[in-house]
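# Working through the structure, step by step
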Amino acid sequence: MSEITPGVLWAVFWEMLGLWLPVLIAAAVLVTVLFVLVLRRDGLRFRRLVGSQVAGLAGGLAALVFMWAVTNSSPRDVGGPVDVLLLLGIYLLGWGGGTMLFYALAGLAARRRARQPAARPVPRQAA
Amino acid sequence: MEDADGHGRVRLDRRAVLGLGLGLGAAGLAGWGRPAAAQVRTQARIVIAGAGAAGLSMASRLAAGLEGAAITLVDGRAEHHYQPGYTLVGAGVRPPSYVLSRTRDYVPRGVTLIEEAAAEIDPEANTVVTASGQRLPYDYLVVATGLELNYAGIEGMDVGLIGTNGIGSVYAGAQAARATYEAMSAFADRGGVALFGRPPGEMKCAGAPLKYAFIVEDILTRRGTRAGSELIYHAHNTVLFGVPIVSERVRMLYDQRGIGVRYEHVLKAVDPGRRIATYATPQGDVEQGWDFIHVVPPMRAVPAVRNSPLPWREGNWAADGYLEVDRATLRHVRYPNVFAVGDTAGVPKGKTAASVKWQVPVVTDHLVADLAGRQSGAAYDGYTSCPLITRIGRAMLIEFDYNDNLVPSFPGLIAPLEELWIPWVMKETALKATYVAMLRGRA
Ligand SMILES: Cc1cc2nc3c(=O)[nH]c(=O)nc-3n(C[C@H](O)[C@H](O)[C@H](O)COP(=O)(O)OP(=O)(O)OC[C@H]3O[C@@H](n4cnc5c(N)ncnc54)[C@H](O)[C@@H]3O)c2cc1C
């Protein structure tokens, strides 16, 4: 009775986010699916991955700025090791999500460029 | 049931959840879960007096655990108040709408809500009489009427004064909390003398008066008016908080932050026109002027409870009318078919919403066990929790039990006496959600 079951977590997140909860889950699923599709289609493109990871750094920062904004707090409130862990966790989530998003978008963009009757051929390695 | 013996197990579960990175709301979740799967069939008439945090949670749990019971909630207040949010409204970080909703929205299916106050409780006749004279016979009664804010207990004080003459009080409701912020904000622009304190006797969220002093100190600092200001906290006895280790920690922090402390000072009168507060002390009455004062009124059980045979007849809680219940089972000592949940229970500590979420499963289990003809070993250990805000952006996650032990949800991870960002983030993002999920019996 005192356990935190997935049902309990769902109830709490539902009360916290309301309709945003399914929207956020759908967005996360969409990005993951696109990422996997692009990965399966093109294989792992090293330059594209590094580029996405670099762009993902901004995603991490955006996640932190968002968190500080919704909680009326700021970097100066980080008080102990566990706060640094939370900070890193939020950053990594934003960074990982951002990387997958940018990678998927870059893959889709490359495909579109490849499909367009290009004036000059798109180099195979382009990200 | 786990609550009887499962403290360690519960804490482990909660830690595991945090480990998964999912557990921002977990500290607020302690002791929550779904009621036992199998429903008990019964025709019992159960009346729940009071549809606040405790009453609504009880209704949800009982409705899920019983089939065929006639469950009736009695409460004259149509609005529901998420009271732990008052402090955030008083700090100016949330609007009053953040804490307001409608009681009706949380009433579970199959439960009847009578929108009237209980005027009389007669445990000899097993009857509750509503304000309009409707008689409600019961087989079981759960008293969850919260407590009464007795502003009249301070001479010259009135709820209508909140927001005027530099007077604030976040306790009196959403609008009062907002008016408190406005009075405090006007004061913080200029600076001056700010007075804080708490009443003698039991009170809900004993951390709130301390938090508000921290918040005001922080806002003065941010506005650049701290240097010309003086903050004084008045403790009603010789400590700042009932749990010694917490009291010492707050004393140290107040010292660091330059918040003065006066012990054994009880606010007895205010003169709004002259802005003079009078404190009763062992040495006699003392007057103190203010530019801003945060008034926390004495509290006691509501009249319908005080005027019934249910309160303690002697001891600490007799005068204020709290119910004479067993501290572990919350069952009435003289009327075994009566339980108390929430602020109105005559037990030490336990006057927080976090306590409610530990108490409700215990009372539910005892009541359902009675109806099913079995014994329940469920016991409430006094769990009380309070994210003690020390400035906008930081808090200490204070959790303790009847024996003044700290019972941290995340031992070794979230230090209970450290000012941290994470408890603040929990308070801001997850606590209201866990509270509402508790009302619905879903968490
Ligand atoms: C400023 C402030 C800060 C707080 N901070 C925290 C915090 O950080 N964490 C935390 O866990 N808790 C906190 N709390 C405490 C928490 O809100 C209460 O402990 C909790 O609401 C108690 O629930 P309850 O159901 O006993 O009382 P309430 O929620 O007050 O509900 C009582 C209900 O009974 C009804 N009632 C009254 N008289 C009658 C009658 N005669 N007949 C029928 N119904 C009646 C009322 O209308 C009300 O709806 C805070 C409280 C305040 C005021």
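It should be emphasised that the depicted structure is a prediction, and the values quoted were computed from it without experimental measurement.

Before going further, it helps to examine the overall build of chain B. Secondary structure assignment for chain B yields 11 helices and 24 strands. On C-alpha atoms alone, chain B measures out to a radius of gyration of 21 Å, which is about the 22 Å that the 2.2 N^0.38 rule sets for 443 residues. Projected onto its principal axes, the C-alpha coordinates of chain B cover approximately 65 × 50 × 40 Å. The burial tally for chain B puts 62% of its 443 residues in the buried class. Residue pairs in contact within chain B that sit at least 24 positions apart in sequence constitute 66% of those at least 6 positions apart.

Here we come to the overall build of chain A. Counting secondary structure elements, chain A contains 4 helices and 0 strands. Going residue by residue from the N terminus, the α and β elements of chain A occur as α-α-α-α. Counting all 127 residues of chain A, 30% fall into the buried class. Counted over contacts in chain A with a minimum sequence separation of 6, partners at least 24 positions apart contribute 74%. For chain A, the exposed surface amounts to about 7,900 Å²; the carbon and sulfur share of it is 73%.

Residues and elements named next belong to chain B. Overall, the coordinates contain 1 cavity of 30 Å³ or more when judged by the stated rule. Looking at the largest cavity, its volume works out to about 50 Å³. What lines the largest cavity is a set of 10 residues, and nearest its centre among them are S57, R61, V360, M438 and A443. Sorting the residues of the lining of the largest cavity by element identifies α3 (53–65) and α9 (353–372) as the ones contributing at least two each. Of all the elements, α9 adds the most residues to the lining of the largest cavity, at 4 residues.

Here the focus is helix α2 (residues 20–42) of chain A. Residue and element names in this part refer to chain A. Taking 1.5 Å per residue, 23 residues should reach 33 Å; α2 reaches 32 Å between its end C-alpha atoms and fits that length. Those residues of α2 that sit buried are L21, V31, F35, V38 and D42. At its buried positions, α2 is contacted by α1 (6–17), α3 (46–70) and α4 (81–115).

All names here are of chain B. The 3 strands are arranged β8-β9-β10 in an open sheet whose pairing can be described as antiparallel. The sheet terminates laterally at β8 (118–122) and β10 (135–137), the two strands that pair on one side only. Taken pair by pair, the neighbouring strands of this sheet meet at an average axis angle of 20°, ignoring direction. Examined bridge by bridge, β8 and strand β9 (residues 127–130) share 4 bridges and lie antiparallel to one another. When the bridges of β9 are listed, D122 appears paired with T127.

Residue and element names in this part refer to chain B. Taken as a whole, this structure holds 14 aromatic pairs over all chains when the rule is applied. On the basis of an interplanar angle of 70° and a centroid distance of 4.8 Å, the ring pair of F214 and Y254 is categorised as edge-to-face. Of this pair, F214 sits in helix α6 (residues 208–223) while Y254 is found in helix α7 (residues 244–257), placing the two residues 40 residues apart along the sequence. Side by side, F214 and Y254 carry an identical accessibility label, which is buried. Among the aromatic residues, ring-to-ring pairing joins F187, F196, Y212 and F292 into one connected group. Positioned above the aromatic ring of Y98 is the side chain of R94, whose terminal nitrogen or guanidinium carbon lies 4.8 Å from the ring centre. Across the ring face of Y402, the terminal group of R327 is positioned such that the distance to the ring centre comes to 5.0 Å.

What follows is about the packing of α6 of chain B against α7 of chain B. Residues and elements named next belong to chain B. The N-to-C vectors of α6 and α7 enclose an angle of 20°; their axes lie 11 Å apart at closest approach. With respect to α7, the element α6 is oriented roughly parallel. Classified by chirality, the crossing of α7 by α6 is left-handed. The residues of α7 that touch α6, namely those facing P209, L210, A213, F214, E217 and D218, are V250, L253, Y254 and R257. A class-by-class count of the residues in the contact of α6 with α7 yields 7 nonpolar, no polar and 3 charged.

Residues and elements named next belong to chain B. In this model, N126 sits at a positive phi of 50°, which is unusual for a non-glycine residue. Structurally, the position occupied by N126 is in the loop between β8 and β9. Residue N126 is classed as partly exposed on the basis of its relative accessible area of 26%. For D404, which is not glycine, the phi torsion reads 65° and is therefore positive. With respect to the helices and strands, the residue D404 is situated in the loop between β24 (394–400) and α10 (421–429).

Looking now at the environment of P311 of chain B. Residue and element names in this part refer to chain B. Relative to the helices and strands, P311 resides in the loop between α8 (303–306) and β22 (338–340). According to the relative accessible area criterion, P311 is buried, its value standing at 8%. For the pair P311 and R391, spaced 80 residues apart in sequence, the C-alpha separation works out to 38 Å. The residues contacting P311, other than those within four sequence positions of it, are V305, R306, G321, Y322, L323, E324 and R334.

Residues and elements named next belong to chain A. A cluster of nonpolar side chains, namely W10, W14, L19, I25, V29, V33 and L37, defines an oily patch on the protein surface of about 690 Å² accessible area. For the nonpolar patch, the secondary structure elements donating two or more residues are α1 and α2. Among the secondary structure elements, W10 is positioned in helix α1. For W10, a relative accessible area of 46% translates into the label partly exposed.

Low pLDDT marks regions whose predicted coordinates should not be analysed in detail. Overall, the prediction assigns chain B a mean pLDDT of 92, with 92% of residues at 70 or greater. Two summary scores accompany this predicted model of the complex, namely pTM at 0.91 and ipTM at 0.85.

A few words now on the site of the ligand. Residue and element names in this part refer to chain B. Taken together, 34 residues form the shell around the ligand, and within it A54, D75, Q83, A118 and D343 come nearest. Between the ligand and V74 there is a distance of 3.5 Å, counted from a nitrogen atom to a backbone nitrogen or oxygen. Within the side chain of D343, a nitrogen or oxygen atom sits 2.8 Å from an oxygen atom of the ligand. Counting residues per element, the ones that place at least two in the shell around the ligand are α3, α4 (86–90), α9 and β23 (384–391). In terms of residue count, the dominant contributor to the shell around the ligand is α9 (3 residues). Looking at the shell around the ligand, its residues break down into 18 nonpolar, 9 polar and 7 charged.

Quick notes on the rules
Residues numbered from 1 in each chain as written. Chains lettered and ligands numbered in written order. Predicted model: local features only at pLDDT ≥ 70, side-chain atom pairs only at ≥ 80, totals over all residues. Heavy atoms only, no water. Helix = DSSP H or I, 4+ residues; strand = E, 2+ residues; numbered from the N terminus. Rg over C-alpha atoms; globule rule 2.2 N^0.38 Å. Buried < 20%, exposed > 50% of the residue type's maximum accessible area, 1.4 Å probe, protein only. Contact = heavy atoms within 4.5 Å. Areas by Shrake-Rupley, 256 points an atom, 1.4 Å probe, with all protein chains shown as cover. 1 Å grid on protein atoms, 1.4 Å probe; cavity = no way out; pocket = protein on both sides within 12 Å on 5 of 7 lines; lining within 4 Å. Points joined across faces, edges and corners; volume = space filled by probe spheres on them. Expected span 1.5 Å × (residues − 1). Pairing = 2+ DSSP bridges. Axes fitted to C-alpha atoms, helices over the stretch in contact; angles between N-to-C directions. Phe/Tyr/Trp six-rings, centres within 6.5 Å; stacked < 30°, edge-to-face > 60°. Lys NZ or Arg CZ within 6 Å of the ring centre and 35° of its normal. Parallel < 35°, antiparallel > 145°, perpendicular 65-115°, else oblique. Left-handed = near helix turned anticlockwise from the far one by under 90°. Nonpolar A, V, L, I, M, F, W, Y, C, P; charged D, E, K, R; others polar. Patch = residues over 30% accessible without salt bridge, like charges linked within 9 Å, V, L, I, M, F, W, Y side chains within 5 Å. Salt bridge = Lys/Arg side-chain N within 4 Å of Asp/Glu carboxyl O. pLDDT = per-residue confidence, 0-100. Near = heavy atom within 4 Å. Polar contact = N/O pair within 3.5 Å; in protein donor to acceptor, adjacent residues only side chain to side chain.

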